[in-house]
Amino acid sequence: MAVIHRTTMSPGKLELLAAWMPSKPWYRGGGAPLLAKAGGFRLDDPEGEVGIEFMVVTDTSGDSPVTYQVPLTYRGTPLEHAENGLIGTSEHGVLGRRWIYDGAHDVVLVEQLLALLAGRTAAQDQNASDVPDPTVEVRTEGPGVPQGLTGPGAVTDTADASLVTVGPSTQDGPDSTLTLCRVLRPGPAPAGDGAAGRVLAGWSAPDGARWHGQFARLAASER
């Protein structure tokens, strides 16, 4: 169970993200980001070591607001071989120094997101300890999500998503692609697009309305 501490972080999450996001191909803002938290949810690390948060932020620096999903992990020590995923470090008022990673590069986040898609774990409230978030929706199609997937393998950033290669732990089956939607769009998920499973959740629009849309999808890798 993730424990939510009511404390400070220096620098704060939004400050770190504002420095990091402009380097990404999916960032669409104008100049320095002007970020506000817009929602999200958490997953639990079974080992209790890594914080996992799917943060939603809205940037108002451009001509029109854009809302992004940034999956984050919080670690007490650096993650080996994940230098490309490091967002920065921050001093936590209770836990001390934390290394904060783009979760697309973190094995714990990827494997717990796969567990969520497979129905083996449940989404947790972003701001409260040991409180499930029933607004996070998981849908499966066709034969459903294959068992035994692990990752991350290759991570590729596109204009609106991060594509994470995941594969069977036995190496006997085909790879799949886990798509983390970076630019969030409200509306129903497309049907018949070949997804084995998908995650949908909500966030707050700049005018205070509640929006809902796709956060992640899993499908067989194209060959």
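Residues numbered from 1 in each chain as written. Predicted model: local features only at pLDDT ≥ 70, side-chain atom pairs only at ≥ 80, totals over all residues. Heavy atoms only, no water.

Visitor: Help me understand the overall build of the chain in this model?
Guide: A count of helical and extended segments in the chain gives two helices and 13 strands. What you see for the chain is a C-alpha radius of gyration of 17 Å, in line with the 17 Å of a compact globule of 223 residues. Classification of the 223 residues of the chain by burial places 47% in the buried group. Across the chain, the 17 positively charged side chains and the 26 negatively charged ones have centroids separated by 3 Å. (Helix = DSSP H or I, 4+ residues; strand = E, 2+ residues; numbered from the N terminus. Rg over C-alpha atoms; globule rule 2.2 N^0.38 Å. Buried < 20%, exposed > 50% of the residue type's maximum accessible area, 1.4 Å probe, protein only. Lys, Arg positive; Asp, Glu negative; His and termini not counted. Charge placed at Lys NZ, Arg CZ, Asp CG, Glu CD.)

Visitor: Help me out: how do you make sense of the sheet that holds strand S2 (residues 35-43) in this one?
Guide: Sheets are built from strands that pair by backbone hydrogen bonding, the pairs being arranged parallel or antiparallel. Read from one edge of the open sheet, six strands run S1-S5-S6-S4-S3-S2, paired in antiparallel fashion. One side of each edge strand has no neighbouring strand; the edge strands of this open sheet are strand S1 (9-10) and S2. Taken together, the two bridges between S1 and strand S5 (residues 86-92) define a ladder with antiparallel strand orientation. Its bridge partner being in S5, Met9 is matched across the sheet by His92. Packed on one face of the sheet, helix H1 (residues 13-20) meets S1, S2, strand S3 (51-59), strand S4 (66-75), S5 and strand S6 (96-102) and runs near 160° to S5. (Pairing = 2+ DSSP bridges. Contact = heavy atoms within 4.5 Å. Axes fitted to C-alpha atoms, helices over the stretch in contact; angles between N-to-C directions.)

Visitor: Would you take a moment to explain the packing of aromatic side chains for this structure?
Guide: Here a ring pair, both rings aromatic, is described through the centre-centre distance and the interplanar angle of the planes. In total, this model carries seven aromatic pairs according to the counting rule given. Among the aromatic side chains, those forming a connected cluster through ring pairs are Phe41, Phe54, Trp203, Trp211 and Phe215. (Phe/Tyr/Trp six-rings, centres within 6.5 Å; stacked < 30°, edge-to-face > 60°.)

Visitor: Got a minute to help me understand the layout of surface pockets in this structure?
Guide: The method is simple in principle: a probe with the dimensions of a water molecule rolls over the atoms, and the space it marks as empty is what remains. A volume near 240 Å³ is recorded for the second largest pocket. What lines the second largest pocket is a set of 13 residues, and nearest its centre among them are Cys181, Val183, Arg185, Pro190 and Gln214. Residue assignment for the lining of the second largest pocket shows that the elements contributing at least two residues are strand S11 (176-181) and strand S13 (210-220). Across the lining of the second largest pocket, the residue classes tally to seven nonpolar, three polar and three charged. (1 Å grid on protein atoms, 1.4 Å probe; cavity = no way out; pocket = protein on both sides within 12 Å on 5 of 7 lines; lining within 4 Å. Points joined across faces, edges and corners; volume = space filled by probe spheres on them. Nonpolar A, V, L, I, M, F, W, Y, C, P; charged D, E, K, R; others polar.)

Visitor: Whenever I open this one, the side chain of Ser61 confuses me. Can you help?
Guide: As for its position among the elements, Ser61 is in the loop between S3 and S4. By relative accessible area, Ser61 is classed as buried at 18%. Engagement of the side chain of Ser61 in a polar contact is seen with the side chain of Tyr27, the distance being 3.2 Å. Polar contacts involving the side chain of Ser61 include one to the side chain of Asp59, which spans 2.9 Å. In this structure Ser61 touches Tyr27, Gly29, Gly30, Ala32, Pro33 and Leu34, once residues within four positions along its chain are discounted. (Polar contact = N/O pair within 3.5 Å; in protein donor to acceptor, adjacent residues only side chain to side chain.)

Visitor: Looking at this structure, how should I read the pattern of salt bridges?
Guide: Close approach of charged atoms allows side chains of opposite charge to pair. According to the stated counting rule, one finds eleven salt bridges in the structure shown. Of the charged contacts in the structure, one is a salt bridge between Glu53 and Lys13, with a shortest N-O distance of 2.9 Å. Highlighted residues: Glu53 in strand S3 and Lys13 in helix H1, separated in sequence by 40 residues. (Salt bridge = Lys/Arg side-chain N within 4 Å of Asp/Glu carboxyl O.)

Visitor: Looking at this model, I keep getting lost on the side chain of Glu53. Mind explaining?
Guide: Judged by its relative accessible area of 1%, Glu53 falls in the buried class. There is a polar contact of 2.8 Å between the side chain of Glu53 and the side chain of Gln126. Excluding anything up to four places from it in sequence, Glu53 contacts Lys13, Phe41, Arg42, Val70, Pro71, Leu72, Tyr74 and Gln126.

Visitor: Could you clarify how one ought to interpret the pairing of strand S12 (residues 195-204) in this entry?
Guide: In summary, the side chains of a regular strand alternate between the two faces of the sheet. Across the ten residues that make up S12, a large majority, nine, are buried. In this sheet, S12 lies alongside strand S7 (residues 137-140) in antiparallel orientation, the contact comprising four bridges. When the bridges of S12 are listed, Thr140 appears paired with Gly197. Here S12 folds back onto S13, and the loop between the two strands holds five residues, one of which, Gly208, carries a positive phi near 95°.

Visitor: I would appreciate a short explanation of the nonpolar core in the present structure.
Guide: Soluble globular proteins: nonpolar side chains tend toward being buried together. Formed by 31 residues in total, the largest nonpolar core has its most connected members in Phe41 and Leu113. Counting residues per element, the ones that place at least two in this core are S2, S3, helix H2 (107-117), strand S10 (161-168), S11, S12 and S13. No other element matches H2, which puts seven residues into this core. Apart from residues no more than four positions distant in its own chain, Phe41 is found in contact with Glu53, Phe54, Leu116, Ala123, Gln124, Gln126, Asp133, Val136, Val199, Ala201 and Phe215. (Core = buried A, V, L, I, M, F, W, Y, C linked by side-chain atoms within 4.5 Å.)

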